[in-house]
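Survey of secondary and tertiary structure
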Amino acid sequence: MPAPDRFDWFMETVSSALMPSAFSTPDPARFHAEGALLDLGPARVSRFSYSPLHSRRTPALIRRGDPEQYQLGLVLRGSAWYAQSGSEAELRAGDLVLWDTSRPYESGSGLDRREVEVVVLQVPKAGMPLPARDLDGLLARRMDGGTGMGAVLAQFLVSAAGNGPDCGPQELGGLGSAAVELAGAFLRQRAGRELRTPAHALLSRVDAYIEQHLADPELTPRAIAERHHISLRSLYTLFQQHGRAEGVAAVIRRRRLERCRADLARPQLRRHPVHAIAARWGFSSAAAFGRTFRAVYGTTPKAYREEASG
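Report follows, based on the coordinates.

Analysis parameters
Residues numbered from 1 in each chain as written. Predicted model: local features only at pLDDT ≥ 70, side-chain atom pairs only at ≥ 80, totals over all residues. Heavy atoms only, no water. Phe/Tyr/Trp six-rings, centres within 6.5 Å; stacked < 30°, edge-to-face > 60°. Helix = DSSP H or I, 4+ residues; strand = E, 2+ residues; numbered from the N terminus. Buried < 20%, exposed > 50% of the residue type's maximum accessible area, 1.4 Å probe, protein only. Lys NZ or Arg CZ within 6 Å of the ring centre and 35° of its normal. Polar contact = N/O pair within 3.5 Å; in protein donor to acceptor, adjacent residues only side chain to side chain. Contact = heavy atoms within 4.5 Å. Core = buried A, V, L, I, M, F, W, Y, C linked by side-chain atoms within 4.5 Å. Axes fitted to C-alpha atoms, helices over the stretch in contact; angles between N-to-C directions. Parallel < 35°, antiparallel > 145°, perpendicular 65-115°, else oblique. Nonpolar A, V, L, I, M, F, W, Y, C, P; charged D, E, K, R; others polar.

**Focus on the packing of aromatic side chains**
- Enumeration over the complete set of coordinates arrives at twelve aromatic pairs.
- Plain terms: the ring middles of Phe10 and Phe48 are 6.2 Å apart, the flat faces sit at 80° to each other, and that makes the pair edge-to-face. Pair noted here: Phe10 is in helix 1 (residues 6-17) and Phe48 is in strand 3 (residues 44-50), with a separation of 38 residues, a long-range link. Of the two residues, Phe10 and Phe48, both sit in the buried class.
- Between the aromatic rings of Tyr82 and Trp99, the centroid separation amounts to 4.8 Å while the plane-to-plane angle is 10°, which identifies the pairing as stacked. Within this pair, whereas Tyr82 is found in strand 6 (residues 79-84), its partner Trp99 is found in strand 8 (residues 95-100), the two being separated by 17 residues in sequence. This pair shows no difference in class: Tyr82 is buried, exactly as Trp99 is.
- Following the ring pairs from residue to residue traces out a cluster consisting of Phe7, Phe10, Phe23, Phe31, Phe48 and Tyr50.
- A cation over an aromatic ring shows up here: Lys125 above the ring of Tyr70, its NZ or CZ 5.6 Å from the ring centre.

Written out as structure tokens, the structure is:
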């Protein structure tokens, strides 16, 4: 790109590939950046290098567009900082950091003012194999990518970003699934919630299964129990023993409603009928969806969409 257009190109590219954000740089005329994006099916891997800058994601920008992802960044070169949800991380080459696209955040280059290079793994929230409550404490915290599970994950991300373009579609999907599983295992370990008991391990698998199959209208407590080779009573007991106030069916219904509510607020889905969005997330009856939505949110899906767009 011609030098005067480079910074604008970078802002547009990052806002499109990752999420809408606002950027500033000390010297726009001398700004330099490179970027690449690889779709792995269940996830995406992006790789960027750029001159020193500062970025912000405000509530207004979140309303403009939210991919509803967890994004895990690996610093390859230079230094940077990230701040979100009251935490701030100072990062150097080899460090990892997690952020949530649905929350405001800030980031910037380190004090050394060197060019920064990062690899970013983008995982849809619905596909992350551990619950949000386990991830909240990890946002904008430095995580070591040089030893143990962190090193395995970091090396995998670098290899996927470098060698993925040579893979076929099926191979890319396999890489995406592997990336999500590795990231989930690493983050679970960092959250201090390593699976200490068989029951805890089973609950984690059930949670992940529900998230991955919300769109299936046949997802029921009985189907979940059969898939995990336990009785229906054992499934209910599992939830009760781990302090789950909601029953299994209530969890499925709540998560489906949350996905529908988010889709109804998206400008890019404005032309999709309400019943199509409901069906997309496993509601087989449009009438039942409307009643349930109104009971939970106090308004109809159509009225909520109009309010959100306004």
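The discussion continues.
**Considerations on the side chain of His228**
- If you trace the backbone, His228 turns up in the loop between helix 7 (221-227) and helix 8 (232-241).
- By relative accessible area, His228 is classed as buried at 14%.
- Within polar-contact distance, the side chain of His228 engages the backbone oxygen of Ile224 at 2.9 Å.
- In this structure, His228 is in contact with Leu202, Arg205, Val206 and Tyr209, ignoring residues within four places of it in sequence.

**Here's the deal with the nonpolar core**
- Ranked by size, the top nonpolar core spans 30 residues in total, and within it Leu72, Leu98, Leu121, Met128, Leu135, Met143 and Leu187 carry the most contacts.
- If we skip the residues at most four places from it in the chain, Met143 touches Leu72, Gly94, Asp95, Leu96, Val97, Leu98, Phe186, Leu187 and Arg190.
- With 25 residues, the next largest nonpolar core counts Tyr209, Leu238, Val248 and Leu257 among its residues.

**Considering the packing of helix 9 (residues 248-264) against helix 11 (residues 286-297)**
- Interaxial distance between helix 9 and helix 11 falls to 11 Å at its minimum, and their mutual angle equals 90°. One way to sum up the angle between helix 9 and helix 11 is to call them roughly perpendicular. The residues of helix 11 that touch helix 9, namely those facing Arg253, Leu257, Glu258, Cys260, Arg261 and Leu264, are Phe289, Thr292, Phe293, Val296 and Tyr297.
- Of the residues in the contact of helix 9 with helix 11, the class split is seven nonpolar, one polar and three charged.

**Brief notes about the environment of Ala276**
- Relative to the assigned elements, Ala276 resides in helix 10 (residues 274-280).
- Judged by its relative accessible area of 29%, Ala276 falls in the partly exposed class.
- Considering only alpha carbons, one finds Ala276 and Val45, 231 residues apart in sequence, at a separation of 30 Å.

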